[in-house]
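Fold and contact review
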Amino acid sequence: MSNRPVALITGANGEIGRSLLERLHQEGRYDLVTLDLTPLPERYRPLCAETYAGNILDRYLLDQLAAHHQIEVVFHLAALLSTRGERDPELAHQINVEGTLHLLRMAQQLSLRLGRSVKFIFPSSIAVYGMPSLDEKRRLGRVREDQGLEPITMYGINKLYAEHLGRYFMRHYRALAAGAEGAIRLDFRGIRFPGLISAETVPTGGTSDYGPEMLHAAAQSKPYACFVGPEARIPFMAMPDAVRSLLGLLDAPREQLTLPSYNVGAFSLSAAEIAQRVKAAFPGAEITFEPDPARARIVDSWPEDLDDARARDDWGWNAVYGVDRAFDEYLVPSIRARYQR
Ligand code: SER
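Residues numbered from 1 in each chain as written. Predicted model: local features only at pLDDT ≥ 70, side-chain atom pairs only at ≥ 80, totals over all residues. Heavy atoms only, no water.

1. Regarding the sheet that holds strand S7 (residues 187–193)
- Taking strand neighbours across the sheet as the criterion, the seven strands line up as S3-S2-S1-S4-S5-S7-S11 in an open arrangement whose pairing is parallel. Taken across any chain shown, the strands that pair with only one partner, and hence form the sheet edges, are strand S3 (50–53) and strand S11 (261–263). Taken over all neighbouring pairs, the strand axes of this sheet differ in orientation by 15° on average, direction set aside.
- Alignment of S7 against S11, held across three bridges, turns out to be parallel. When the bridges of S11 are listed, Gly190 appears paired with Ser261.
- Helix H6 (residues 154–171) contacts strand S5 (119–125), S7 and S11 of the sheet and is inclined by roughly 155° relative to S7. (Pairing = 2+ DSSP bridges. Helix = DSSP H or I, 4+ residues; strand = E, 2+ residues; numbered from the N terminus. Axes fitted to C-alpha atoms, helices over the stretch in contact; angles between N-to-C directions. Contact = heavy atoms within 4.5 Å.)

Listed below in structure tokens is the structure:
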């Protein structure tokens, strides 16, 4: 192994994980150690110093990881998303809350061992918000970080609580212990993502999945029945921007950060507008709307858009991919190429 610092990525085999892995490998700043329930596909392994297939609930495995690698940055991406979470809320709680607690504990112990704060980068979500009604959703428009925090999904509740756990570990962990004041604590940094759309992968188990599913289906000339109505509107972001935001937050000077978790925005689209763009790119696309009331209700509970002024002010966040660039320069050409391969 090299002298580079080690970054651990949990959930490395997921949507964000694979893109992040490629980007971090290109940058070459870290030796990459990954943990995922499922083994990483062959083509990602050479990017990593070590890959582990295992469960974040396995504390013995986490102890081993911490013992073998001098981890300085944790990207804790492993999670069970919102649709999956409603099918098995207790499992969602275990993975999203207990699993996160295990990782936070590990990062805190590593911080003490290293004598400096391990950075803990945590993707949170629009799912932490809960709009009581469609009227209120329209009225609020772009929500700030402190508005409408009454999530209706187990996943959203878990993410919101995990943000609090992160803030607790960073500021207040074991406040009664001797020497607690001035003790080294981990450095928690959260991002509330919109629905993410990647040209490389289709997400599994989420409720914003209709966006990416529509596109990937059209590119493969498969018909698609959208599980929300045409009017459903939430914010979305292209995956390269999501990865950029994680790295932007990672590199921000600690003293400039004023929130435990930041909104990041890019563009907001209704399902009908996504369908229009998909049809413009793939004229044969067959898209119908067959709303599933329960999943549509979840999407309706999420905000129309995110106010990301704090991220812009504090650490210079700025999406590169507005809606036209996202579709014309990234999604459509990459997805087309992908299915022609
Ligand atoms: N994309 C996620 C989901 O749909 C939201 O963070 O569950």
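2. Points about the layout of surface pockets
- The computed volume of the largest pocket comes to approximately 1000 Å³.
- Taken together, the elements giving at least two residues each to the lining of the largest pocket come down to helix H1 (15–27), strand S2 (31–36), helix H3 (82–87), helix H4 (89–114), S5, H6 and strand S8 (195–197).
- It is H1 that provides the largest number of residues to the lining of the largest pocket, a total of four residues.
- Residue composition of the lining of the largest pocket, grouped by class: 21 nonpolar, 16 polar and six charged.
- Roughly 230 Å³ of volume is contained in the second largest pocket.
- As for the second largest pocket, its lining consists of Ser19, Glu22, Arg23, Gln26, Glu200, Met239, Pro240, Val243, Arg244, Tyr330 and Ser334. (1 Å grid on protein atoms, 1.4 Å probe; cavity = no way out; pocket = protein on both sides within 12 Å on 5 of 7 lines; lining within 4 Å. Points joined across faces, edges and corners; volume = space filled by probe spheres on them. Nonpolar A, V, L, I, M, F, W, Y, C, P; charged D, E, K, R; others polar.)

3. Points about the pattern of salt bridges
- Tallied over the full model, the rule gives 20 salt bridges.
- Among the ionic pairs, Asp135 bridges to Arg138, the shortest N-O distance being 3.8 Å. With a gap of three residues between them, Asp135 and Arg138 both fall in helix H5 (residues 134–140), about one helical turn apart.
- Overall, the relative accessible area of 58% leaves Asp135 in the exposed class.
- Arg142 is paired through a salt bridge with Asp305; the nearest N and O atoms lie 3.7 Å apart. With Arg142 in strand S6 (residues 142–143) and Asp305 in strand S14 (residues 305–306), this pair connects stretches of sequence that are 163 residues apart.
- Members of the salt-bridge network, linked through shared partners, are Arg23, Glu27, Arg29 and Asp251. (Salt bridge = Lys/Arg side-chain N within 4 Å of Asp/Glu carboxyl O. Buried < 20%, exposed > 50% of the residue type's maximum accessible area, 1.4 Å probe, protein only.)

4. Observations regarding the packing of helix H2 (residues 59–68) against H4
- At their nearest, the axes of H2 and H4 sit 10 Å apart, and the two run at 25° to each other. The orientation of H2 with respect to H4, classified from their angle, is roughly parallel. Handedness of the H2/H4 crossing: right-handed. In contact with Arg59, Leu62, Ala66 and Ala67 of H2, H4 contributes His102, Leu103, Arg105, Met106, Leu110 and Arg113. (Parallel < 35°, antiparallel > 145°, perpendicular 65-115°, else oblique. Left-handed = near helix turned anticlockwise from the far one by under 90°.)

5. Quick look at empty space enclosed by the protein
- For the structure shown, the criterion picks out one cavity of 30 Å³ or more.
- Each pocket or cavity is described by its volume, and for the largest cavity that value is around 30 Å³.
- Around the largest cavity, the lining residues are His76, Ala78, Ala79, Asn96, Thr100, Phe122, Lys159 and Ala162.
- In the lining of the largest cavity, the residues fall into four nonpolar, three polar and one charged.

6. Comments concerning the site of the ligand
- In the vicinity of the ligand, the contacting residues are Leu81, Ser82, Ser125, Tyr155, Gly206, Thr207, Ser208 and Trp302.
- The contact in question runs from an oxygen atom of the ligand to an N or O atom on the backbone of Thr207, over 2.5 Å.
- Between the ligand and the protein, one listed contact pairs a nitrogen atom with a side-chain N or O atom of Ser208 at 2.9 Å.
- Among the cavities detected, the one that contains the ligand is the largest pocket.
- Its residues assigned to classes, the shell around the ligand shows three nonpolar, five polar and no charged. (Near = heavy atom within 4 Å. Polar contact = N/O pair within 3.5 Å; in protein donor to acceptor, adjacent residues only side chain to side chain. Sits in = over half its atoms within 2 Å of the grid points.)

7. Considerations on the environment of Asp314
- Mapping Asp314 onto the fold places it in helix H11 (residues 309–315).
- Asp314 sits 186 residues away from Val128 along the chain, and the two C-alpha atoms are 21 Å apart.
- Those residues within four positions of Asp314 in sequence are excluded, and the remaining contacts are Gln256, Leu257, Thr258 and Tyr262.
- Separated by 2.3 Å, the side chains of Asp314 and Thr258 make a polar contact.

In short, the description is geometric, and any link to function would need to be established separately.
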